[in-house]
Amino acid sequence: MTRSIVTMRGTAVAALGVACMLAAWGAGAQDGGRGDLMHGEQVYTQWCAACHAAGPNMPGTQALEAKYNGATAAVLVERADLPPELVKVIVRSGVSVMPPFRKTEISDADLEALADYIVTTARSHGAAQ
Ligand code: HEC
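Read on for a plain summary of the structure.

Each value, and the rule that gives it
- Residues numbered from 1 in each chain as written.
- Predicted model: local features only at pLDDT ≥ 70, side-chain atom pairs only at ≥ 80, totals over all residues.
- Helix = DSSP H or I, 4+ residues; strand = E, 2+ residues; numbered from the N terminus.
- Buried ≥ 20, exposed ≤ 12 C-beta atoms within 10 Å, placed from the backbone.
- Near = placed C-beta within 6 Å.
- Nonpolar A, V, L, I, M, F, W, Y, C, P; charged D, E, K, R; others polar.
- Core = buried A, V, L, I, M, F, W, Y, C linked by C-beta atoms within 7 Å.
- Contact = placed C-beta atoms within 7 Å.

1. Examining the overall build of the protein chain
Argument step 1. Broken down by element type, the protein chain carries 6 helices and 0 strands.
Argument step 2. In the protein chain, buried positions account for 19% of the 129 residues.

Printed below as a string of structure tokens:
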């Protein structure tokens, strides 16, 4: 009994999440380029943030901290020197413990929006400093 209630709540929450994402996507798509950036942020949050966000226990951020040793930002969305082409190549090929992502996971259109989001966010981050 308790179990089925929990399952139902889970389904309702998941459905609500999808509805919110679709609403955000629709709203963003109406004002030109913003839609792509919002979509890129969703792709980033789903596939990259678990390793590349700021803070401790982030394998991507820690590896890049060690690799660059302060020469550039370790957090991906703060890297003003990261070319979008490199983001795309690395996402398809993977590097070290970072897995390659297939087109069934991140489509070419998703990847465009993702690279655009990372580079745009990083550039505005750099400009704000
Ligand atoms: C499982 C953890 C993990 C996930 C998920 C992950 N990465 Fe990484 N990523 C890493 C690690 C670790 C490195 C550093 C590898 C090394 O030692 O050079 C890295 C390196 C990179 C680099 C190279 C940066 C540089 O200057 O060398 C890029 C670009 C990158 N990741 C983008 C992404 C994007 C975009 C996503 C989401 C689609 C993503 N990563 C998902 C762990 C991850």
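2. Re the environment of glutamine 42
Argument step 1. With respect to the secondary-structure elements, glutamine 42 resides in helix H2 (residues 34–47).
Argument step 2. The exposure class assigned to glutamine 42 is partly exposed, which follows from the 18 C-beta atoms found within 10 Å.
Argument step 3. Taking the C-alpha atoms as reference points, glutamine 42 and leucine 114, separated by 72 residues in sequence, lie 8.2 Å from one another.

3. Section: the site of the ligand
Argument step 1. Among the 21 residues in the neighbourhood of the ligand, the closest are listed as Cys48, Cys51, Gly60, Ala63 and Met98.
Argument step 2. Sorting the residues of the shell around the ligand by element identifies helix H3 (49–52), helix H4 (59–68) and helix H5 (84–93) as the ones contributing at least two each.
Argument step 3. Sort the elements by how many residues they give to the shell around the ligand and H4 lands first, with 5 residues.
Argument step 4. The class makeup of the residues in the shell around the ligand is 17 nonpolar, 3 polar and 1 charged.

4. Remarks on the nonpolar core
The tendency in soluble globular proteins is for nonpolar side chains to be buried as a group.
Argument step 1. Val43, Tyr44, Ile106, Leu114, Ala115, Tyr117 and Ile118 are the most contacted members of the largest nonpolar core, which totals 15 residues.
Argument step 2. Where this core is concerned, the elements lending two or more residues are H2, H5 and helix H6 (108–128).
Argument step 3. Residue contributions to this core peak at 6 residues, all from H6.
Argument step 4. Here isoleucine 106 is in contact with Val43, Trp47, Val91, Phe101, Leu111 and Leu114, once residues within four sequence places are set aside.

5. Digging into unusual backbone geometry
Argument step 1. Within the chain, asparagine 57 stands out as a residue other than glycine whose phi angle is a positive 60°.
Argument step 2. As for its placement among the helices and strands, asparagine 57 is situated in the loop between H3 and H4.
Argument step 3. Phi is positive for serine 96, close to 55°, though the residue is something other than glycine.
Argument step 4. By the secondary structure assignment, serine 96 is in the loop between H5 and H6.
Argument step 5. Judged by the 9 C-beta atoms lying within 10 Å of it, serine 96 is exposed.

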